[in-house]
Structure formats: structure tokens, C-alpha cells
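# Structure at a glance
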Amino acid sequence: MPNPHDFHQNVLFSTIKLDPEKVPRRCMVCGSNPSLFEYQRHAGSDPRCKKMGSCCTACAFNMLLQLADEETREWAALAAA
Ligand SMILES: [Zn+2]
């Protein structure tokens, strides 16, 4: 049985070094906005769960909301145990 703490998630955001010669890349998540951040996210210690890419502000915000949502569910599961 997996330890619930192994589902600990990490999301790391960093700004992209802007190159004035290049047009900003598109967000890899929604594909429409220019990407402003680079992100890395992984769950637990499994390297296969690792995802990285670039995203826009809206998608970065969504990722944080998702993370908060999962955290809330984990707390609820702990409280119900
Ligand atoms: Zn986006």
C-alpha cells in the first residue's frame, strides 16, 4: 500500500530568459498565449511523473489551483481516516 505522503507534488515556476531576437514561444498547455514561465512538475519520487515545459500566466495559475485542489482532497481523506 503506497504511503500517501509519496504523492507529494512539486511545481516549480521560473521566468524565461527573453531573447529579443525570438518571438516568444506559445504556451505548451493551452497553445494560445505566449509562454512567460517555464515549469517543472513532478509527483512523488517517480521520475516518470515528471513534466516540464513552458506556460502562460493563466496556465500557471490553473496549475496552482489544481495543486491546491489535490491538497484539499488529501486533507479531507486524512480527516476521514
Ligand atoms: Zn497557457
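Since the model is a prediction, treat every value here as computed from it, not as a measurement.

### Here's the deal with the overall build of the protein
Across its full length, the protein holds one helix and three strands. Across the 81 residues that make up the protein, the buried fraction comes to 9%. In the protein, 50% of the contacts between residues at least 6 apart in sequence involve partners at least 24 apart.

### Considerations on the sheet that holds strand β3 (residues 51-55)
Spatially, three strands are ordered β1-β2-β3 in an open sheet, and the strand pairing comes out antiparallel. Pairing within the sheet leaves two strands with one partner each, and these edge strands are β1 (9-15) and β3. When the angles between neighbouring strand axes are averaged without regard to direction, this sheet yields 20°. Across the sheet, helix α1 (residues 57-80) is in contact with β1, β2 (37-43) and β3; its angle to β1 comes to roughly 160°.

### With respect to the environment of C27
Inspection of the secondary structure assignment puts C27 in the loop between β1 and β2. C27 sits 30 residues away from T57 along the chain, and the two C-alpha atoms are 9.2 Å apart.

### Some words on α1
Helix length check: α1 (24 residues) gives 35 Å between terminal C-alpha atoms against 34 Å at 1.5 Å per residue, within 8%. The buried count for α1 comes to two of 24 residues, which makes it a mostly uncovered element.

### Focus on the nonpolar core
Within soluble globular proteins, side chains that are nonpolar generally end up buried alongside one another. One finds C27, C55, C56, C59 and A60 forming the largest nonpolar core, which totals five residues. Beyond its immediate sequence surroundings of up to four residues, C56 is in contact with C27, C30, N33, P34, S35 and L36.

### Concerning the pairing of β1
Counting buried positions along β1 gives zero out of seven residues, so the element sits mostly on the surface. Bridge analysis of β1 against β2 gives seven bridges, and the strand direction is antiparallel. By the bridge assignment for β2, Q9 is matched with A43.

### Section: the environment of Q40
The residue Q40 is located in strand β2 in this model. A count of 13 C-beta atoms within 10 Å places Q40 in the partly exposed class. Spatially, the C-alpha atom of Q40 lies 6.7 Å from that of G53, the residues being 13 residues apart in sequence.

Parameters and conventions
Residues numbered from 1 in each chain as written. Predicted model: local features only at pLDDT ≥ 70, side-chain atom pairs only at ≥ 80, totals over all residues. Helix = DSSP H or I, 4+ residues; strand = E, 2+ residues; numbered from the N terminus. Buried ≥ 20, exposed ≤ 12 C-beta atoms within 10 Å, placed from the backbone. Contact = placed C-beta atoms within 7 Å. Pairing = 2+ DSSP bridges. Axes fitted to C-alpha atoms, helices over the stretch in contact; angles between N-to-C directions. Expected span 1.5 Å × (residues − 1). Core = buried A, V, L, I, M, F, W, Y, C linked by C-beta atoms within 7 Å.

On their own, these measurements won't tell you what the molecule is for.
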